[in-house]
Amino acid sequence: MSDSPPRHVYLVDGSGFIFRAFHALPPMTRPDGTPVNAVYGFVTMLMKLLSETDADHIAVIFDAKRENFRNEIYPEYKAHRPPPPEELIPQFSLIHEAVEAFSLPSIRMEGYEADDLIATYARQAEAAGADVTIVSSDKDLMQLVSDKVTMLDAMKNKEIGPEQVVEKFGLGPEKVVDIQALAGDSTDNVPGVPGIGVKTAAQLIEEYGDLDTLLARAEEIKQPKRRQNLLENAEMARISRELVRLKDDVPVEHPLDSFDVKTPDHDRVIAWLKEQGFKSVIARIEAQHLADGGEVSQGSTAAVPPPGKAEFELVQDEKRLAAWIAEAQAAGAVAVDTETTSLDAMRAELVGVSLCIDPGRACYIPLAHKGGAAQGALDLGDGGGNGEDAPPQVPLKRALELLKPMLEDPGTLKIGQNIKYDALMLSRYGITVAPVDDTMLLSYVLDGGLHGHGMDELAELHLGHTTIKFKEVAGTGKAQVTFDYVPLDKALDYAAEDADITMRLHRALKPRLLEERMVTVYETIERPLIPVLAAMEREGVRVDPEALRGLSRDFTQRMAGLEDEIRELAGEDFNVGSPKQLGEILFDKMSLPGAKKGKTGAYTTGADVLEDLAAQGHDLPARVLDWRQLAKLKSTYSDALVEQINPDTGRVHTSFAMAAASTGRLSSTDPNLQNIPVRTEEGRKIRQAFVAAPGNKLVSLDYSQIELRIVAHVAGIEPLRQAFREGQDIHAMTASQVFGIPVEGMDPMVRRRAKAINFGIIYGISAFGLAHQLGISNGEAKAYIDAYFEKYPGIADYMDEMKSYCRKHGEVCTLYGRRIHIPTIADKNPARRNFAERQAINAPIQGTAADVIKRAMIRVPGALAEAKLKAKMLLQVHDELLFEAPEGETEKLEKTVREIMEAAAGPALELAVPLVVDAGIADNWAEAH
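This text gives an overview of the structure that appears in the document. Small disclaimer: the values here were computed from a predicted structure and weren't measured.

The next point concerns the overall build of the protein. Scanning the protein from terminus to terminus reveals 38 helices and 22 strands. At 33 Å, the protein has a C-alpha radius of gyration in line with the 30 Å of a compact globule built from 929 residues. Burial status across the protein gives 53% buried among its 929 residues. Partitioning the contacts of the protein with sequence separation of at least 6, the portion at a separation of at least 24 is 67%. Total accessible area computed for the protein in this model is approximately 40,700 Å², and 50% of it derives from carbon and sulfur atoms. Across the protein, the 103 positively charged side chains and the 141 negatively charged ones have centroids separated by 3 Å.

It is worth spelling out helix α33 (residues 767-774) at this point. What α33 keeps buried is the set Leu770, Ala771 and Leu774. On an axial view of α33, the arc spanned by its buried residues comes to 100°, and they lie on one face. Where α33 is buried, its residues touch α32 (748-762) and α34 (778-791). Following α33 by one or two positions, glycine 775 adopts a phi angle in the positive range, close to 70°.

On to a negative patch on the surface. Side chains of Asp564, Glu565, Glu568 and Asp619 sit close together on the surface and give a patch of like negative charge. Broken down by element, the residue count for the negative patch peaks at 3 residues, all from helix α23 (residues 545-570). If you trace the backbone, aspartate 564 turns up in helix α23.

To continue, consider the sheet that holds strand β9 (residues 350-358). The strand order β7-β10-β9-β8-β11-β12 describes an open sheet built from 6 strands, whose pairing is mixed. Each end of this open sheet is capped by a strand with a single partner; those strands are β7 (311-314) and β12 (436-438). Averaged over all neighbouring strand pairs, the angle between strand axes comes to 25°, with direction disregarded. Both β7 and strand β10 (residues 361-366) contribute to a ladder of 4 bridges, which runs parallel. Across the sheet, the residue bridging to phenylalanine 312 is alanine 362, located in β10. Taken strand by strand, helix α17 (residues 439-447) contacts β11 (413-416) and β12, and its axis lies near 55° from that of β12.

With that settled, consider the pairing of strand β17 (residues 696-703). Of all 8 residues in β17, 7 are buried; the element is thus mostly enclosed. The pairing of β17 with strand β21 (residues 880-886) spans 7 bridges and is classified as antiparallel. Residue serine 700 lies in a different strand from β21, and its bridge partner there is leucine 882. Looking at chain direction, β17 and strand β22 (residues 917-922) are connected through 6 bridges and run antiparallel. Its bridge partner being in β22, tyrosine 703 is matched across the sheet by valine 917.

Once that is clear, we can look at the packing of α34 against helix α35 (residues 793-809). Interaxial distance between α34 and α35 falls to 4 Å at its minimum, and their mutual angle equals 95°. The orientation of α34 relative to α35 falls into the category roughly perpendicular. Across the interface between the two elements, Tyr788, Phe789, Glu790 and Lys791 of α34 pack against Pro793, Ile795, Ala796 and Met799 of α35. Its residues placed into classes, the contact of α34 with α35 shows 6 nonpolar, no polar and 2 charged.

A word on the environment of arginine 507. Looking at where arginine 507 falls in the secondary structure, it is placed in helix α20 (residues 488-515). With relative accessibility at 31%, the residue arginine 507 sits in the partly exposed group. Along the backbone, arginine 507 and proline 359 are 148 residues apart, and their C-alpha atoms lie at a distance of 8.9 Å.

Before going further, it helps to spend a moment on the pattern of salt bridges. For side chains bearing opposite charge, pairing can occur when the charged atoms are close. As enumerated under the stated definition, the model contains 58 salt bridges in all. The partner of aspartate 56 in a salt bridge is arginine 7, and the shortest N-O contact between them spans 3.8 Å. With a gap of 49 residues between them, aspartate 56 in the loop between α2 (37-52) and β2 (57-61) and arginine 7 in the segment before β1 (8-13) connect regions that are remote in the sequence. In this structure, the salt-bridge partner of arginine 347 is aspartate 344, at a minimum N-O distance of 3.6 Å. Assessed through its relative accessible area of 33%, arginine 347 is described here as partly exposed. We classify aspartate 344 as partly exposed; its relative accessible area is 31%. One network of salt bridges, in which partners are shared, links Asp447, Arg512, Glu516, Glu811 and Arg819.

On to the sheet that holds strand β6 (residues 158-160). Taken in spatial order, the 6 strands make up an open sheet running β3-β2-β1-β4-β5-β6, and their pairing is mixed. Each of the sheet's edge strands pairs with one partner strand only, and the pair in question is β3 (106-107) and β6. Pairing between strand β4 (residues 131-135) and strand β5 (residues 149-153): 4 bridges, direction parallel. By the bridge assignment, isoleucine 134 is partnered in β5 with methionine 151.

Along helix α25 (residues 607-615), the positions that sit buried rather than exposed are Val609, Leu610 and Leu613. Taken around the axis of α25, the buried residues stretch over an arc of 95°, which confines them to a single face. More than 90 degrees from the buried face of α25, the exposed residues found are Asp608 and Ala615. In the segment just after α25, glycine 617 is the residue with positive phi, at about 100°.

What the rule picks out here adds up to 15 aromatic pairs. Where tryptophan 272 meets phenylalanine 278, the ring centres are 6.5 Å apart and the plane angle is 75°; that geometry is what we call edge-to-face. With a relative accessible area of 2%, phenylalanine 278 lands in the buried category. Through successive ring pairs, a cluster of aromatic residues spans Tyr364, Phe470, Phe483 and Tyr494. The ring centre of tryptophan 324 lies 4.8 Å from the NZ or CZ of arginine 361, which sits over that ring. One Lys or Arg, lysine 597, reaches over the ring of tyrosine 603 and ends 5.0 Å from the middle of that ring.

What follows deals with the environment of aspartate 879. Mapped onto the elements of the fold, aspartate 879 is located in the loop between β20 (872-877) and β21. By relative accessible area, which is 18% here, aspartate 879 ends up buried. Along the primary structure aspartate 879 and leucine 513 are separated by 366 residues, whereas in three dimensions their C-alpha atoms are 28 Å apart.

With that settled, consider the side chain of threonine 502. Topologically, threonine 502 is positioned in helix α20. Residues contacting threonine 502, with those up to four places away along its chain left out, are Ala335, Ile415, Gly416, Gln417, Thr439 and Met455.

Packed helices, taken two at a time, are described by the angle between their axes plus the distance between the axes. Here α32 crosses α34 at 70°, and the two axes come no closer than 11 Å. Our classification of the angle between α32 and α34 gives roughly perpendicular. Here α32 and α34 pass one another in a crossing that is right-handed. Touching Arg753, Ile757, Asn758 and Ile761 of α32 are Glu780, Tyr784, Tyr788 and Phe789, all from α34. Here the contact of α32 with α34 is built from residues that sort into 5 nonpolar, 1 polar and 2 charged.

What follows is about unusual backbone geometry. A cis amide bond links alanine 434 to the next residue, proline 435, at an omega of -10°. Cis peptide bonds are those with omega within 30 degrees of zero, and the linkage from aspartate 670 to proline 671 qualifies with 0°. Here the phi dihedral of aspartate 670 falls at roughly 50°; this positive angle occurs in a residue that is not glycine. Checked against the element boundaries, aspartate 670 lands in the loop between β16 (667-669) and α28 (681-688). Even without being a glycine, histidine 878 presents a positive backbone phi close to 60°.

Counting 175 residues, the largest nonpolar core has Leu355, Tyr703 and Phe883 as the members making the most contacts within it. The contacts of phenylalanine 883, once residues within four sequence positions are left out, are Lys697, Leu698, Val699, Leu701, Val860, Leu864, Lys872, Met873, Leu874, Leu893 and Val897. If you look at the next biggest cluster of nonpolar residues, it comprises 50 residues, including Val193, Tyr208, Ala234 and Ala237.

Before going further, it helps to spend a moment on the state of the cysteines. Evaluation of the coordinates by the stated rule reveals 0 disulfides. This cysteine, cysteine 363, is not joined by any disulfide, and cysteine 356 carries the nearest cysteine sulfur, 8.8 Å off. Residue cysteine 813 stays outside any disulfide, its sulfur separated by 9.8 Å from that of cysteine 806, the closest cysteine. Classification of cysteine 813 by relative accessible area gives partly exposed; the value is 28%.

The rules behind these values
- Residues numbered from 1 in each chain as written.
- Predicted model: local features only at pLDDT ≥ 70, side-chain atom pairs only at ≥ 80, totals over all residues.
- Heavy atoms only, no water.
- Helix = DSSP H or I, 4+ residues; strand = E, 2+ residues; numbered from the N terminus.
- Rg over C-alpha atoms; globule rule 2.2 N^0.38 Å.
- Buried < 20%, exposed > 50% of the residue type's maximum accessible area, 1.4 Å probe, protein only.
- Contact = heavy atoms within 4.5 Å.
- Areas by Shrake-Rupley, 256 points an atom, 1.4 Å probe, with all protein chains shown as cover.
- Lys, Arg positive; Asp, Glu negative; His and termini not counted.
- Charge placed at Lys NZ, Arg CZ, Asp CG, Glu CD.
- Arc of directions from axis to C-beta.
- Patch = residues over 30% accessible without salt bridge, like charges linked within 9 Å, V, L, I, M, F, W, Y side chains within 5 Å.
- Salt bridge = Lys/Arg side-chain N within 4 Å of Asp/Glu carboxyl O.
- Pairing = 2+ DSSP bridges.
- Axes fitted to C-alpha atoms, helices over the stretch in contact; angles between N-to-C directions.
- Parallel < 35°, antiparallel > 145°, perpendicular 65-115°, else oblique.
- Nonpolar A, V, L, I, M, F, W, Y, C, P; charged D, E, K, R; others polar.
- Phe/Tyr/Trp six-rings, centres within 6.5 Å; stacked < 30°, edge-to-face > 60°.
- Lys NZ or Arg CZ within 6 Å of the ring centre and 35° of its normal.
- Left-handed = near helix turned anticlockwise from the far one by under 90°.
- Core = buried A, V, L, I, M, F, W, Y, C linked by side-chain atoms within 4.5 Å.
- Disulfide = S-S within 2.5 Å.

Structure follows, in structure tokens:
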């Protein structure tokens, strides 16, 4: 206990923290399958709170059992509240453990709610002359606010004082109880007075002074219904007042002075965190411990002190810029971030560069900030500071001349967050940024599937720091300006912070590669791919705008025809694009089965609903599906691609997302070229618009059935392996093996069914799914799958092994060691758990295939240079690589790249089946693939 009286008391609403953490985070499990998302959220919020407070007395206060003295006053109090979610129940005890591990009092008391204990301790502290901060956003606690008692919404970092209470209730804290007594609370089943809400209650209390006076003079109320309600429910209002009024004289068991702040036992905290599997939290604590002069626990890695007071410098002259560059080269590593006018690196203008050499020390170098408040035309000129009132800054051309040697220096590591964007941006100014490290990719390799990998999320997660958001410096909506119009003081804080956080994240994440044996995945697959993808994005791909416009006209005509047909089937005119009107036609007018309504009260008419109806033989939903497909292709591709042609290059430049899919697959955005349908006629027509430049051809090289080959390898299925080695028709062979019929003269429908099973097995297809796909009964589909597993028991064994491994470890691995976390594998919800099990089966297969093609892509640029080929790699779409090459090079290109792709698995993997690549050469993408 403390000998000195409390000065500042923090009373944390632990129960409120738990539920907010639980609902704020996706499902997470520790290695033994115990759910821990609320525990994780609670711990990170608690740590942030402790790092920011100057309180000398702190306690975390929880509810005890649900029933308390209020149930004696009103038995229905909180009677309608549902029990806590199943996934939350085992986390309560872990959260109490967390509080104790951090050497904080964990307070609860039978018969009383947490709010009553908080009220009691707040009054005691106030009487002792201390300031009180109640860490909660619960409106029920606002009655306690005073000059000495404030509330803190920790999630929003918002303080709640008397003014904020007035905003919420219309009157000050001393009137909150009376207002709540009238308005009631449906959540807690506090009855109140019917027909009176918070706004009306505040008006009545302001007019009459208090609840008792109001009830005594209820006959004076002019509105008849309100007067009647007050008269009939006067006693219920008094009961409600007793329910909402907090008890501030609880005979508490723990005295206030026992809440004095104690230094947690470092080793105890670390041991408890290790048990939960909270690696990022451990890294933050170890870093702070090291900064405070402590020693790092055995087996842990210290990263970097959490963000505190940073020193940011605005560099506006050549002398200071040269000094920063020299210091960066002497240090051998520097975090780099560019500020631009757009997220499109091929159209954006460079506005400034920020650098960080040590955590807490960063600079911003403005290069093209403009004066004035209005946006002007963007210009790729040589100078910074357009306009007479532009701020002083190093001219753009001169600054880049100074930065170029450092950015290209092989002895200086350039660290970025999604550095591919910065590298592509700077390449347009003749700078090849190398070597590089990427904190986004470090996070992706270490924690793929656990969370996102953007800077804001990583800063919160690993550093407990909330970053400055772009809208805070550039505005929102119509008032938003491009970065070249952001004032330099705001630009400095925003841009330098980006570089500073990037350096801190690098210190936190890079050591984990070695600890967690992920060096190979990062160093041989992800990091070397950065310059390859940047070059592909800069190259872009040529599209024929006239072909696209013609396709849009065709889609428009066909959509109009379908609309006429749909309206004729409906028997009336309606908006085909309106889900609400469509639902009324299908389920009210036509009385089709399967009607379901969403939250808005309208019928749901998603693709799954329409597909089910179409499968039952109903024409109208089938035609709507056709119409929607055309509408999507028109808006997403034939219309949009014309607008996305870069006016400077005449080509479309997609952006490859390296940290999106948890399996390691690349995806593409703006435009998304991964989702153009391959097997439909419309999809082929869109691909026909992707063309080679004059004098060139497009060359497509595509892995043949790579995922099936990997299945045959990992599941040890010798008949499949042998078939692949001999180059047989794998689907016909499967049909022959499973159904016991000869390959020669096989019915194409039988082969189709075997093909559906072959590919479906990879995705954990169910009998229902296969039946739906093939248009057969569930029983027939189940018989096919059973026969398949009987013939190939290795696949069933592989599936069981992956699910079991994932349940135990919360992750699965590709053949190259890439870890894919699947935290929902132990989810109580059957649908989420079943989906996670299908992920566990498919992810190692799809992930290995993704690793293989990445390994091939990394080797391509060097091989093309060695072969003296002018060909360029343009696109990667799943298992395909697309090139543009001079007409005379195509055959040599095909041979060179085929050899790389077929050998990309590498000798260490020793695949039991060969990798085979199909190739095509044509004037457009559709004919090449």
